[in-house]
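The residues making up each chain are set out below.
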Amino acid sequence: MQKELKGSKMVFLLFGIFLIRLISTGLIFNKYLILDDHKLEIDLLAFVLSADMIFTVLYLLFFPNILEDLYFKKYVFTYSSSDPKEVSTAEEKNPYEEAYDLEQQVIFNAVENYLVTKRDFLSVNFTIEKMANDLKIPQRHISHVIKRQTGESVKNYINNKRLAYLIEKYKHDKNLQNLPVDELGSVVGFNSRQTLYSLTQKLYGCSPRELFRGVS
């Protein structure tokens, strides 16, 4: 459904550009041939170019994600295969789609494995930029994949991971259980008490104190 929606948006964009150019061509055609005026006014030319540009820019401002998929697919396709024969075969099967879906899963698995093995996300200094550099995957592609796979932004995805880790660790760690609730968030990289409070309210509908009282 999401792909169909993006496809319809792209069709509308192309149709809009085509319509504006058709009208613009008609105005120029009318001026040159019907009115027999061979002097093209700057105002008319400016209108033609401005209408085309303004429509395209405004449309992309409101629907920037239609380009994100196209750009990501191009990156994935290049990243997946450097063999021209493989490229040709992939296009014949289903242009970009198989490589796109597969590589999304590969990148997501790489992110998941990175978080499990390195656990850098438990530090308050963790950044998506560092993870992207370590994995050698562009940051925007990691953000795109996480959004597509989980429906969450990178920030929310990482915070969810932090809370899940904290809950599991709290069950078995007596030292952690003895800490004041207000200090628990800092153990897994939350930069404020409010962040932890907001997250437990969002995911569990209760305060951190109520959540961890039920866990222990």
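Rules used in this analysis
- Residues numbered from 1 in each chain as written.
- Predicted model: local features only at pLDDT ≥ 70, side-chain atom pairs only at ≥ 80, totals over all residues.
- Heavy atoms only, no water.
- Phe/Tyr/Trp six-rings, centres within 6.5 Å; stacked < 30°, edge-to-face > 60°.
- Helix = DSSP H or I, 4+ residues; strand = E, 2+ residues; numbered from the N terminus.
- Buried < 20%, exposed > 50% of the residue type's maximum accessible area, 1.4 Å probe, protein only.
- Expected span 1.5 Å × (residues − 1).
- Axes fitted to C-alpha atoms, helices over the stretch in contact; angles between N-to-C directions.
- Parallel < 35°, antiparallel > 145°, perpendicular 65-115°, else oblique.
- Left-handed = near helix turned anticlockwise from the far one by under 90°.
- Contact = heavy atoms within 4.5 Å.
- Core = buried A, V, L, I, M, F, W, Y, C linked by side-chain atoms within 4.5 Å.
- pLDDT = per-residue confidence, 0-100.

Peer 1: What am I meant to see in the packing of aromatic side chains here?
Peer 2: Any pair of aromatic rings gets described here by the distance separating the centres and the angle formed by the planes. Here the structure, examined in full by the defined rule, presents three aromatic pairs. Taking the centre distance of 6.4 Å and the plane angle of 85° together, the rings of Phe 121 and Tyr 165 count as edge-to-face. One end of the pair, Phe 121, is in the loop between helix 5 (97-118) and helix 6 (128-135); the other, Tyr 165, is in helix 8 (residues 154-172), with 44 residues separating them in the sequence. For Phe 121, a relative accessible area of 5% gives the class buried. Between the aromatic rings of Tyr 170 and Phe 212, the centroid separation amounts to 4.8 Å while the plane-to-plane angle is 55°, which identifies the pairing as tilted. Placement of Tyr 170 in helix 8 and of Phe 212 in helix 12 (residues 208-215) is noted, with a sequence separation of 42 residues between them. By relative accessible area, Tyr 170 is classed as buried at 7%.

Peer 1: Looking at this model, I keep getting lost on helix 8. Mind explaining?
Peer 2: The periodicity of an α-helix, 3.6 residues per turn, causes residues three or four places apart in sequence to face the same way. For helix 8, with 19 residues, the first-to-last C-alpha span of 28 Å sits near the 27 Å given by 1.5 Å per residue. For helix 8, the set of buried residues is Val 154, Tyr 157, Ile 158, Asn 159, Asn 160, Arg 162, Leu 163, Leu 166, Ile 167 and Tyr 170.

Peer 1: Would you mind showing me how to read the packing of helix 5 against helix 8 here?
Peer 2: How two helices pack is summed up by the angle between their axes together with the distance between the axes. Contact geometry of helix 5 with helix 8 gives a least axis separation of 12 Å together with a crossing angle of 40°. Of the possible angle classes, the one that applies to helix 5 and helix 8 is oblique. The way helix 5 lies across helix 8 gives a crossing that is right-handed. Every residue of helix 8 that contacts helix 5 at Phe 108, Val 111, Glu 112 and Leu 115 is listed here: Tyr 157, Ile 158 and Lys 161.

Peer 1: What am I meant to see in unusual backbone geometry here?
Peer 2: In terms of backbone geometry, most residues other than glycine have negative phi values and most peptide bonds are trans. Of note in this structure, Arg 119 is not a glycine but carries a positive phi near 55°. Residue classification places Arg 119 among the partly exposed positions, given a relative accessible area of 44%. The backbone of Lys 136 shows a phi angle near 60°, a positive value even though the residue is not glycine. Structurally, the position occupied by Lys 136 is in the loop between helix 6 and helix 7 (139-150).

Peer 1: Explain the nonpolar core here, please?
Peer 2: Inside soluble globular proteins, nonpolar side chains tend to come together where they are buried. In this structure, Leu 115, Met 131, Ile 142, Leu 163 and Phe 212 are the most contacted members of the largest nonpolar core, which totals 32 residues. Where this core is concerned, the elements lending two or more residues are helix 5, helix 6, helix 7, helix 8, helix 10 (181-187), helix 11 (193-204) and helix 12. The residues touching Ile 142, leaving out its near neighbours within four places in the chain, are Val 111, Ile 128, Met 131, Ala 132, Leu 135 and Ile 137.

Peer 1: What am I meant to see in the confidence of the model for the protein chain here?
Peer 2: A low pLDDT score tells you not to read the predicted coordinates there in detail. Of the residues in the protein chain, 57% reach a pLDDT of 70 or more, and the chain-wide mean stands at 76. Within the protein chain, helix 4 (residues 84-93) has the poorest average pLDDT of any element, 47, and helix 8 the best, 93. This stretch, residues 1-6, has a pLDDT under 50; its non-local contacts, to residues over four places away or in other chains, come to eight contacts. With pLDDT under 50 throughout, residues 77-91 is counted as low confidence; its partners more than four residues away or in other chains account for twelve contacts.

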